[in-house]
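# Topology and contacts: notes
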Amino acid sequence: MSIWVEAATFLREFRKTFHTTGAILPSGRFLARALAHGLHRQHAPCRILEVGPGSGAVTEVIARYMRPGDHLDAVEINPRFVSLLQHRVARDRPFRKVCDRIRIIASPVQQVAGEGLYDYIISGLPMVNFSVSLVEEIFAAFHRLIKAGGILSYFEYIGLRLLKRPFVGKQERQRLAEISLVLEDKIRRHQVRVDRVLVNVPPAYARHLRLKPSHAAAATG
Ligand SMILES: C[S@@+](CC[C@H](N)C(=O)[O-])C[C@H]1O[C@@H](n2cnc3c(N)ncnc32)[C@H](O)[C@@H]1O
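Residues numbered from 1 in each chain as written. Predicted model: local features only at pLDDT ≥ 70, side-chain atom pairs only at ≥ 80, totals over all residues. Heavy atoms only, no water.

A count of helices and strands for the protein gives nine helices and seven strands. Taking 17 Å as the expected radius of gyration for a compact globule of 221 residues, we find that the protein reaches 17 Å, a close match to that expectation. Taken along its principal axes, the extent of the C-alpha atoms in the protein is 50 × 50 × 30 Å. Buried residues in the protein amount to 50% of all 221 residues. Long-range pairs, those at least 24 residues apart, make up 74% of the contacts in the protein with a sequence separation of at least 6. About 11300 Å² of surface is accessible on the protein, with carbon and sulfur atoms providing 57% of the total. For the protein, the distance from the average position of its 33 positive side-chain charges to the average position of its 19 negative side-chain charges is 4 Å. (Helix = DSSP H or I, 4+ residues; strand = E, 2+ residues; numbered from the N terminus. Rg over C-alpha atoms; globule rule 2.2 N^0.38 Å. Buried < 20%, exposed > 50% of the residue type's maximum accessible area, 1.4 Å probe, protein only. Contact = heavy atoms within 4.5 Å. Areas by Shrake-Rupley, 256 points an atom, 1.4 Å probe, with all protein chains shown as cover. Lys, Arg positive; Asp, Glu negative; His and termini not counted. Charge placed at Lys NZ, Arg CZ, Asp CG, Glu CD.)

Structure, rendered in structure tokens:
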């Protein structure tokens, strides 16, 4: 798929479903590589969950990094992105060698069943658009789905949480402040690496957190 078609599709979805799409453009190649960085260092076959693949900008890079035995589940809430991604995985060149090891799940990530399933969770979710309770629910799902020692990688646009504050009403400011508290707490406790990606529109941090699994067996294992 050409980058122009991909960008146009993304912009259309941004207009229709701003709340869940949360970005005007798909992530650029440098940000996608920063997010998938951990896969390079993996020696044993691993299970990867991509959350919010959208038009597949990051999925494509993950597919290029996948080694024999790796498996990718991509969970997407927007049915139009799901169709686009199914089409891309079936036809586009970067997916050719790995398409039989990619599963697309049409669902919100909070409803993905199971526990302790994934070595890597790579998320593109626009957390700053969500309510505090939804952010907490999503992190609870991440803690449930991650394996012991697993890594969550996600991005946030540099300064966005702070930049938005002067331009919004009191209630919205309060929501942003509370989301910052939740995210800063996760970062303080679990972050093992952060990459500043300036060559992206807008520039972003790719954060990597070693999350603790919430399930007892993996937590003690
Ligand atoms: C900012 S876009 C990121 C798209 C792509 N990963 C990228 O970086 O270009 C956010 C994506 O998350 C999806 N999304 C939002 N909430 C979700 C949820 N609860 N579960 C799964 N996907 C969700 C949106 O539909 C959208 O595709």
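What follows concerns the confidence of the model for the protein. Across the protein, pLDDT averages 92, with 97% of residues at or above 70. Counting interchain partners and residues more than four positions distant, the pLDDT-below-50 stretch residues 217-221 has three contacts. (pLDDT = per-residue confidence, 0-100.)

Moving on: unusual backbone geometry. Trans is the common state for peptide bonds, and a negative phi is the common state for residues other than glycine. Here the bond from Val201 into Pro202 is cis, since omega is -10°, no more than 30 degrees from zero. With respect to the helices and strands, the residue Pro202 is situated in the loop between strand S6 (191-197) and strand S7 (204-210).

On to the pairing of S6. In regular strands, side chains alternate between the two faces of the sheet. As judged from the six bridges shared by S6 and S7, these two strands associate in the antiparallel manner. Bridging from a neighbouring strand, Arg196 pairs with Tyr205 of S7. Linkage of S6 to S7, two consecutive antiparallel strands, is achieved through a turn of six residues. (Pairing = 2+ DSSP bridges.)

All right, on to the site of the ligand then. Near the ligand, the surroundings consist of 25 residues, among which Thr21, Ser27, Gly52, Glu76 and Val109 are the closest. Measuring from a nitrogen atom of the ligand, one finds a backbone N or O atom of Gly52 at 2.8 Å. In the model, an oxygen atom of the ligand is placed 3.4 Å from a nitrogen or oxygen of the Gly54 main chain. Considered on its own, the ligand offers 600 Å² of accessible surface; in the complex 98% of this is hidden by protein. Of all elements in the fold, only helix H2 (18-21), helix H4 (57-65) and strand S2 (71-76) reach the threshold of two or more residues within the shell around the ligand. (Near = heavy atom within 4 Å. Polar contact = N/O pair within 3.5 Å; in protein donor to acceptor, adjacent residues only side chain to side chain.)

Since there are 3.6 residues in each turn of an α-helix, residues three or four apart along the chain are aligned in direction. Here helix H1 (residues 3-16) is 14 residues long and its end C-alpha atoms lie 20 Å apart, about the 20 Å a rise of 1.5 Å per residue gives. What H1 keeps buried is the set Glu6, Ala7, Thr9, Phe10, Glu13 and Phe14. Buried residues along H1 cover an arc of 160° about the axis, so they all sit on one side. Seen from the open side of H1, the exposed residues pointing more than 90 degrees away from its buried face are Trp4, Arg15 and Lys16. Of the surrounding elements, those touching the buried residues of H1 are H2, H4 and helix H5 (79-91). (Expected span 1.5 Å × (residues − 1). Arc of directions from axis to C-beta.)

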